[in-house]
Amino acid sequence: MYDLVIIGDGPAGISAGIYAVRYGLDTLILEKDVISGQIALTDIVENYPGFSSIAGMELMDKFKEHAQEAGVTTEDGEVLNIKSDGDKKIISTDEGEIEAKAVIIATGANPQHLGVPGEEEFAGRGVSYCATCDGPFFRGKNVAVIGGGDSAITDALILSNLASKVYVVHRRDELRATKVLKDRAFSRNNIEFICDTILDEVLGDGSVEKVILKNVKSGDTVEMAMDGVFIYVGVVPNTGFVDVDKTGAGFIITSDRMETSVEGIYAAGDCRVTPLRQVVTAVSDGAIAAASAHEFVSEG
Ligand code: NAP
């Protein structure tokens, strides 16, 4: 039986692993995908202290190298559920069962889908959730970016270096994104902002050819020729496998010590209720969760 099993190998999970090993806990990190967290899909990170500009993938590689050097063990496995049995937790994965005294959930979140007609039909054929991954397919083309937060504007900037024209379609007349990103986007002459507008439908024949946009104030719709649609309307937490208290949207409710409603189960990073979903807050959550798990295991 492990002292601690950490589910997820993004920034929160890796940070928890480094701290846990240094506390002397026998620790295993379970990873589901080769890509570790949303940060690995982020083009450039400019707000993680110590790195004024670093590719998301490179930062993640550095985290993993550090964890390996610290002695963290990782294994592949998708967690299906977690059950409490007396003092132990039984973690069922697609590979079998693992027992641990404590568990940290650091499974992050995935892009929210809009649910408009054509979105699923054209996913991977013009509809995308990641400019870093798919942007190069749209060199010299016209693309729409849906959303007004940091993700939308970060990826609109990436796309503006590739596409000939980027339309940012936002449901309000004010962007949610931080000032530094907004200012950068406003200064690009191939980014056009379409405000008070939502995506109503994606149309095409085999791949995206057109979008229908709807003005939320007037109700008017307009059809525009478009080669790609990049959607950034928030995130959905990966928490369906665990039975702890969550919000209606599925974010895990924790104390400021990262404790969930079940003793011995902690949550860290984007999968929990938090005011800010950043690398720096995820790694901080991971450290706190490891400290709490260490205290729990030592007292047990
Ligand atoms: P977000 O901040 O929640 O923004 C989501 C955007 O989508 C908002 O503009 C929202 O509009 C819009 N939206 C939501 N539902 C919609 C719908 N049904 N139809 C149309 N528009 C809709 O999400 P995010 O941009 O993915 O960012 C998530 C977190 O990651 C944030 O904490 C962000 O700061 C962080 N992040 C940081 C960076 C960076 O620092 N470089 C990069 C990416 C993400 P409203 O504004 O009207 O609500």
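Small disclaimer: the values here were computed from a predicted structure and weren't measured. (Residues numbered from 1 in each chain as written. Predicted model: local features only at pLDDT ≥ 70, side-chain atom pairs only at ≥ 80, totals over all residues. Heavy atoms only, no water.)

(A) Main features of the sheet that holds strand S11 (residues 142-146). With parallel pairing, five strands are arranged side by side in an open sheet as S10-S17-S11-S12-S13. Two strands in the sheet have a free side with no partner beyond their single neighbour: strand S10 (127-128) and strand S13 (191-194). In terms of strand pairing, S11 meets strand S17 (residues 228-231) through four bridges, oriented parallel. Looking across to S17, one finds that Ile146 is bridged to Ile231. (Pairing = 2+ DSSP bridges. Helix = DSSP H or I, 4+ residues; strand = E, 2+ residues; numbered from the N terminus.)

(B) Summary view of unusual backbone geometry. With phi around 50 degrees, Asp196 is a residue other than glycine that occupies positive phi space. Relative to the elements of secondary structure, Asp196 occurs in the loop between S13 and strand S14 (197-204). Its identity is not glycine, yet Met258 carries a phi of approximately 70 degrees, on the positive side. Structurally, Met258 can be placed in the loop between strand S18 (235-237) and strand S19 (265-267).

(C) Quick peek at the sheet that holds S14. Taken in spatial order, the three strands make up an open sheet running S14-S15-S16, and their pairing is antiparallel. If you trace the sheet from one side to the other, it starts and ends with S14 and strand S16 (221-225), each paired once. Averaged over all pairs of adjacent strands, the angle between their axes in this sheet comes to 25 degrees, without regard to strand direction. Sheet topology note: the S14/strand S15 (residues 208-215) ladder contains seven bridges and is antiparallel. (Axes fitted to C-alpha atoms, helices over the stretch in contact; angles between N-to-C directions.)

(D) Structural context of the site of the ligand. Among the 17 residues in the neighbourhood of the ligand, the closest are listed as Asp150, Ser151, Arg172, Arg176 and Gln278. Between Tyr232 and the ligand, the recorded distance is 3.4 Å, taken from a backbone N or O atom to an oxygen atom. Notes on the ligand: free accessible area 910 Å², of which the protein chains cover 75%. In the shell around the ligand, the residues fall into three nonpolar, nine polar and five charged. For the shell around the ligand, the domains that each give at least three residues are domain 1 (2-110 + 235-299) and domain 2 (113-231). (Near = heavy atom within 4 Å. Polar contact = N/O pair within 3.5 Å; in protein donor to acceptor, adjacent residues only side chain to side chain. Areas by Shrake-Rupley, 256 points an atom, 1.4 Å probe, with all protein chains shown as cover. Nonpolar A, V, L, I, M, F, W, Y, C, P; charged D, E, K, R; others polar. Domains from an automatic or database assignment.)

(E) Spotlight on the domain arrangement of the chain. For the chain, the domain assignment lists domain 1 (2-110 + 235-299) and domain 2 (113-231). Inter-centroid distance (C-alpha atoms) of domain 1 to domain 2 is 32 Å. Facing four residues of domain 1, the contacting portion of domain 2 comprises five residues. For the pair domain 1 and domain 2, the summed buried surface comes to about 410 Å²; carbon and sulfur atoms form 52% of the total. The interface formed by domain 1 and domain 2 includes one salt bridge. (Contact = heavy atoms within 4.5 Å. Buried area = accessible area lost by both parts, 1.4 Å probe. Salt bridge = Lys/Arg side-chain N within 4 Å of Asp/Glu carboxyl O.)

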